[in-house]
Amino acid sequence: MKVIHSIHELELARAQLGDAQVGLVPTMGALHPGHLSLVEIANKLTDVVVLSIFVNPLQFGPEEDYARYPRPLQQDLEACEKAGVEIVFNPGVNDLFPAARQVSVQAGPLGTVFEGAARPSHFDGMLTVVLKLLNLVQPTIALFGRKDAQQLASVKRMVTDLNVDVEIVPAPIVRESDGLAMSSRNQYLSPPDRQSAQAIWRALKAASGEVSASAARRTALEVLDQAALGNPNFVLDYAEVVDPDTFAVLDDEDSGPALLAAAAMVGGTRLIDNVELTLAAPAEDEDDTADNRVGAARP
Ligand code: AMP
């Protein structure tokens, strides 16, 4: 396994790979089985897996956890070696963002709602670094976890809108045994807050059988409101049924694939999760059906 820190070295290593099929797994490190599941998928689909570890300052707000974000590099490298990563790219901030840099990517409307509303400029910063990584690594595919569903949607939007020649492959959410979505940030949680955090998946699971947007939202909110009542450290931000591609809010007129996405601050740590839903078409009103039949019979 090669561990590369400079852009120049990465360019040389990429040139040596020639026409090999390359899979890119972008991460911020503090690797857990969720990240490694992306590596496993990439290994099945491509010849060479490149994993990047870069805690991207552009995607953190001034009050967020950039400085204290965990950076256990040695442990991460061992996990990568075991998982079959060929190249780890671990650049410094000045390598990716030299002082002279001026141009960045704008996520557009998708970057201003839900996670984007809570974290202004987060998606712009994320897309800017993802585009740079795609340009440097020139992968055939790039893997993104469904846990960060709005990130996945934004990356897909960027690749379409900017004609980036890569296939974005989504990966299923990997969970702890109690259902909490794995995250590098879970280690910040105190034991009582860790316990309360389980409510997020409980709420999503309870709502996952619902077939209308309003019922799904209501069921999820019942569980989440209970969690907030039981622990003042649990502060719900949103639980909403959205279009998986645009994050437009869906209502009971909508049918087909949807996401129930939720976010809460638990003891000051932001946790996000989501579940896929299939919304049923609204039942037709009997009167409407009768009217339609009459209408259809007219010449
Ligand atoms: P991060 O290091 O948090 O930026 O995550 C790097 C990649 O791993 C992103 O595509 C995430 O969506 C993905 N990821 C993180 N946690 C999980 C998880 N629990 N299950 C699946 N993918 C995940």
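On a predicted model such as this, the values are computed, not experimentally measured, just so you know.

Novice: Explain the packing of aromatic side chains here, please?
Specialist: To describe a pair of aromatic rings, one takes the distance between the centres and the angle between the planes. Considering all chains together, one arrives at five aromatic pairs under this definition. Relative to phenylalanine 97, the ring of phenylalanine 54 lies with its centre 5.9 Å away and its plane at 55°, an arrangement referred to as tilted. Placement of the pair is phenylalanine 54 in the loop between strand E3 (48–53) and helix H3 (73–83) and phenylalanine 97 in the loop between helix H4 (93–96) and helix H5 (115–118), with a sequence separation of 43 residues. Using a relative accessible area of 7% as the deciding quantity, one classes phenylalanine 54 as buried. The exposure class of phenylalanine 97 is buried, given its relative accessible area of 9%. Judged by centre distance (5.8 Å) and plane angle (80°), the ring pair of phenylalanine 60 and tyrosine 69 falls under edge-to-face. Pairwise contacts between aromatic rings join Phe60, Tyr66 and Tyr69 into one cluster.

Novice: Looking at this structure, how should I read the nonpolar core?
Specialist: Most often, soluble globular proteins keep nonpolar side chains buried together rather than apart. Among the nonpolar cores identified, the biggest contains 33 residues, and Val130, Leu134, Val155 and Ile168 are the most heavily contacted of them. Elements with a contribution of two residues or more to this core: helix H1 (7–17), strand E2 (22–27), E3, strand E4 (87–89), helix H6 (122–137), strand E5 (141–145) and helix H7 (149–161). No other element matches H6, which puts 10 residues into this core. Ignoring anything within four residues of it in the chain, the contact list for leucine 134 reads Leu24, Pro139, Ala142, Met158, Val159, Val164 and Val166. Counting residues in hydrophobic clusters, the runner-up holds 27 residues, among them Ala203, Ala207, Ala262 and Val275.

Novice: Would you take a moment to explain unusual backbone geometry for this structure?
Specialist: Where the residue is not glycine, phi is negative for most of them; where a peptide bond is considered, it is trans in most cases. A positive phi angle, near 45°, is found at phenylalanine 114, a position not held by glycine. Assignment of secondary structure puts phenylalanine 114 in the loop between H4 and H5. A positive phi angle, close to 60°, is found at phenylalanine 247, a residue other than glycine. The topology assignment puts phenylalanine 247 in the loop between strand E7 (234–242) and strand E8 (256–266).

Novice: Is there a simple way to think about the site of the ligand in this case?
Specialist: Taken together, 16 residues form the shell around the ligand, and within it Met28, His35, Asp148, Val174 and Met182 come nearest. Within the contact set of the ligand, an oxygen atom lies 2.9 Å away from a backbone nitrogen or oxygen of glycine 145. Valine 174 is positioned such that a nitrogen or oxygen atom in its backbone is 2.9 Å from a nitrogen atom of the ligand. Listing elements by their share of the shell around the ligand, those giving two or more residues are E2, helix H2 (33–45) and E5. Counting residues per element, the shell around the ligand draws most heavily on H2, at three residues. Among the residues forming the shell around the ligand, the class breakdown is eight nonpolar, six polar and two charged.

Novice: For this particular structure, what's the right way to read the confidence of the model for the protein?
Specialist: Low pLDDT means the predicted coordinates in that region are not meant to be read closely. Looking at the protein, the pLDDT average stands at 95 and 95% of residues meet or exceed 70. Here residues 292–299 is a poorly scored stretch, pLDDT under 50, and it has one contact once near neighbours within four places are set aside; other chains count.

Novice: Mind showing me how you'd approach the environment of arginine 119 here?
Specialist: Its place among the elements puts arginine 119 in the loop between H5 and H6. Along the primary structure arginine 119 and proline 62 are separated by 57 residues, whereas in three dimensions their C-alpha atoms are 9.9 Å apart. When near neighbours in sequence (up to four residues on either side) are disregarded, arginine 119 contacts Gln59, Phe60, Glu64, Arg185 and Arg270. Within the local environment of arginine 119, its side chain forms a polar contact with the side chain of glutamate 64, the two groups lying 2.5 Å apart.

Reading the values: rules and limits
Residues numbered from 1 in each chain as written. Predicted model: local features only at pLDDT ≥ 70, side-chain atom pairs only at ≥ 80, totals over all residues. Heavy atoms only, no water. Phe/Tyr/Trp six-rings, centres within 6.5 Å; stacked < 30°, edge-to-face > 60°. Helix = DSSP H or I, 4+ residues; strand = E, 2+ residues; numbered from the N terminus. Buried < 20%, exposed > 50% of the residue type's maximum accessible area, 1.4 Å probe, protein only. Core = buried A, V, L, I, M, F, W, Y, C linked by side-chain atoms within 4.5 Å. Contact = heavy atoms within 4.5 Å. Near = heavy atom within 4 Å. Polar contact = N/O pair within 3.5 Å; in protein donor to acceptor, adjacent residues only side chain to side chain. Nonpolar A, V, L, I, M, F, W, Y, C, P; charged D, E, K, R; others polar. pLDDT = per-residue confidence, 0-100.

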